[in-house]
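# Coordinate analysis (summary)
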Amino acid sequence: MKISHPDKIFYPADGLSKGDVAEHYRTVAPAMLPHLRGRPLTLRRYPDGIEAEGWFQKHPGEHFPSWLHTERVPRRGGGTDEYVVCDDEESLLYLADQGTVEFHVWLSTVDAPGKPDLLVLDLDPPDGTDVADLRTAARRIRDHYAEAGLTACLQATGGRGFHVVAPLDATATTDVVLELSRALADRVAAADPDRLTTAQRKDQRGDRVFVDANRNGYAQTFVAPYSLRARPGAASATPLDWTELGKAEPNGWGPDKLRRRLARKEDPWRGMGKDAGSAEKALEKLG
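Computed from a predicted structure; not experimentally measured.

### Quick look at the overall build of the chain
- Looking only at helices and strands, the chain has six helices and 14 strands in total.
- Its C-alpha radius of gyration of 19 Å places the chain within 12% of the 19 Å reference for a compact globule of 287 residues.
- For the C-alpha atoms alone, the extent of the chain along its principal axes is close to 55 × 45 × 40 Å.
- By residue count, 52% of the 287 residues in the chain fall in the buried class.
- Counting contacts in the chain only where the partners sit at least 6 residues apart, residues at least 24 apart contribute 70% of the total.
- For the chain, the distance from the average position of its 39 positive side-chain charges to the average position of its 44 negative side-chain charges is 2 Å.

Structure (structure tokens):
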């Protein structure tokens with residue numbers, strides 16, 4: 001895949017070009033593609049770099065080639081929408097060549113869009129939050145998942161917080177998974193109400209970390225593992241082992257550091273599906 005205008009600067013503060021972005025995706029492809037395959041994508045495109053105009057794109061552009069995998073997915077309320085599905089390195093690099101900086105994925109696949117195989121709680125901190133508080137909150141979520149019979153997987157978002165993800169067996173509907181995620185978020189926040197909240201309105205959160213369950217709704221997304229973020233520093237969303245959390249920063253893995261990491265370490269989320277749990281049984285355990 002030949003990249004057009006590879007010298008165009010995409011991250012001015014970091015001196016990173018469009019070619020550097022493409023090289024990032026070439027490097028992470030073996031680890032990233034298993035987390036993209038079969039899932040509807042939302043693309044965050046910045047064809048002139050992250051300091052220029054960007055947008056979220058849910059549906060294929062008219063100029064996208066016919067060979068690029070797309071699927072029609074049922075829309076709530078009737079009808080269908082078409083989404084890009086990225087199954088291979090050529091597709092990943094083509095989308096990078098179109099100025100895609102961030103890749104966001106559904107929590108379900110195109111084969112069963114109404115039966116999520118992932119659940120995610122997102123820790124969204126206000127400015128000035130101590131990273132130690134985020135780490136404590138992530139561990140608290142992990143413990144509540146365990147009480148519900150779910151396995152917790154950790155991701156530094158590349159932005160300001162952490163994701164705690166649980167693999168599911170894709171037998172429950174989106175509505176059940178959303179109910180479960182909200183129940184878990186409420187329990188986590190209730191255990192530390194001075195630091196955590198599930199308040200939807202920002203003006204009701206104060207200086208507390210928002211435990212966000214909203215990404216579990218139908219057609220909602222979260223940032224894909226190993227996706228760059230459109231922020232200075234060019235950090236990536238990075239799956240972590242829980243033993244790494246004590247020193248982890250949400251935005252601690254830029255392209256060079258991530259490349260070294262992948263050269264010496266397997267993806268911590270590799271094979272996470274073998275630990276898939278039941279959302280319905282988890283709800284029963286929560287009472």
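### Some details on empty space enclosed by the protein
- What the rule picks out here adds up to two cavities of 30 Å³ or more.
- The computed volume of the largest cavity comes to approximately 80 Å³.
- Lining of the largest cavity is provided by 14 residues; of these, L107, S108, P116, N216 and G217 occupy positions nearest its centre.
- Considered class by class, the residues forming the lining of the largest cavity number eight nonpolar, five polar and one charged.
- For the second largest cavity, the calculated volume is near 30 Å³.
- Lining the second largest cavity, in full, are Y11, L16, D20, V21, H24, L228, A234 and P255.
- No other element matches the three residues that helix 1 (residues 18–36) contributes to the lining of the second largest cavity.
- Class assignment for the residues of the lining of the second largest cavity results in six nonpolar, one polar and one charged.

### Quick word on the layout of surface pockets
- Reported here for the largest pocket is a volume of approximately 310 Å³.
- Of the residues forming the lining of the largest pocket, the biggest block, three residues, is contributed by strand 8 (residues 118–124).
- In terms of residue class, the lining of the largest pocket is made up of seven nonpolar, five polar and nine charged.

### Regarding the packing of aromatic side chains
- Scanning the model with the defined rule gives five aromatic pairs in all.
- Ring geometry for F64 and Y94: centres 5.7 Å apart, planes at 90°, overall edge-to-face. With F64 in the loop between strand 4 (55–57) and strand 5 (70–74) and Y94 in helix 2 (residues 89–97), this pair connects stretches of sequence that are 30 residues apart.
- In this structure F64 comes out as buried when scored by relative accessible area, which is 10%.

### Considering the pattern of salt bridges
- Summed over the entire model, instances satisfying the criterion amount to 23 salt bridges.
- Here R160 and D124 are joined by a salt bridge, their closest N and O atoms 3.8 Å apart. A residue pair is termed long-range when its members are at least 10 positions apart, and R160 in the loop between strand 9 (153–156) and strand 10 (162–167) and D124 in strand 8 qualify at 36 residues.
- Taking relative accessible area as the criterion, R160 reaches 34% and is therefore assigned partly exposed.
- Salt bridges sharing common partners tie together D133, R140, D192 and R195.

### Here's the deal with the sheet that holds strand 7 (residues 100–106)
- Strands sit in the order 4-3-7-13 across an open sheet of four strands; the sheet is antiparallel. The open sheet has two edge strands with one neighbour each: strand 4 and strand 13 (221–223). Neighbour-to-neighbour, the strand axes of the sheet open up by a mean angle of 30°, direction not taken into account.
- Each of strand 3 (41–45) and strand 7 is contacted by helix 1, which is oriented at about 5° to strand 7, the strand it contacts most.
- Strands in contact with helix 2 are strand 3 and strand 7; relative to strand 7, the strand with the most contacts, it is inclined by about 130°.

About the cut-offs
Starting from 1, residues in each chain are numbered consecutively following that chain's sequence as written. Local features in this predicted model are restricted to residues of pLDDT 70 or higher, and side-chain atom pairs are both shown and tallied only at a pLDDT of 80 or more, whereas totals for entire chains, interfaces and linings draw on every residue. Only heavy atoms go into the side-chain values, all of them from the structure, while hydrogens and water stay out. Here a strand is any run of E in DSSP of at least two residues, a helix any run of H or I of at least four, and the numbering for each starts at the N terminus. This radius of gyration counts C-alpha atoms alone. The globule rule is 2.2 Å times how many residues there are, raised to the power 0.38. Relative accessible area decides the class of each residue, using a 1.4 Å probe on protein chains only: under 20% of the type maximum gives buried, over 50% gives exposed, and in between gives partly exposed. Only heavy atoms enter the contact rule, under which two residues are in contact if any of them lie within 4.5 Å. Two residue types count as positive, namely Lys and Arg, and two as negative, namely Asp and Glu; His and chain ends fall outside the count. We put the charge of a Lys on NZ, of an Arg on CZ, of an Asp on CG and of a Glu on CD. Only protein atoms enter the calculation, which uses a 1 Å grid: trapped sets of points that fit a 1.4 Å probe without letting it out are cavities, open sets showing protein on both sides within 12 Å along at least five of seven lines are pockets, and any residue with an atom within 4 Å of a point is a lining residue. Grid points are joined across faces, edges and corners, and a volume is the space filled by probe spheres set on the points. All amino acids are sorted into three groups, where Ala, Val, Leu, Ile, Met, Phe, Trp, Tyr, Cys and Pro are nonpolar, Asp, Glu, Lys and Arg are charged, and the leftover types, Gly among them, are polar. Each pair of aromatic rings taken from Phe, Tyr and Trp, with Trp reduced to its six-membered ring, is defined by centres within 6.5 Å and is described as stacked if the planes are under 30 degrees apart, edge-to-face if over 60, and tilted in the remaining cases. Salt bridges are counted wherever a side-chain nitrogen of Lys or Arg sits within 4 Å of a carboxyl oxygen of Asp or Glu. Any two strands with at least two DSSP bridges between them are considered paired. Note on geometry: axes are C-alpha line fits, over the in-contact stretch for helices, and angles between N-to-C directions span 0 to 180 degrees.

Remember, this is a structural readout, not a statement about activity or role.
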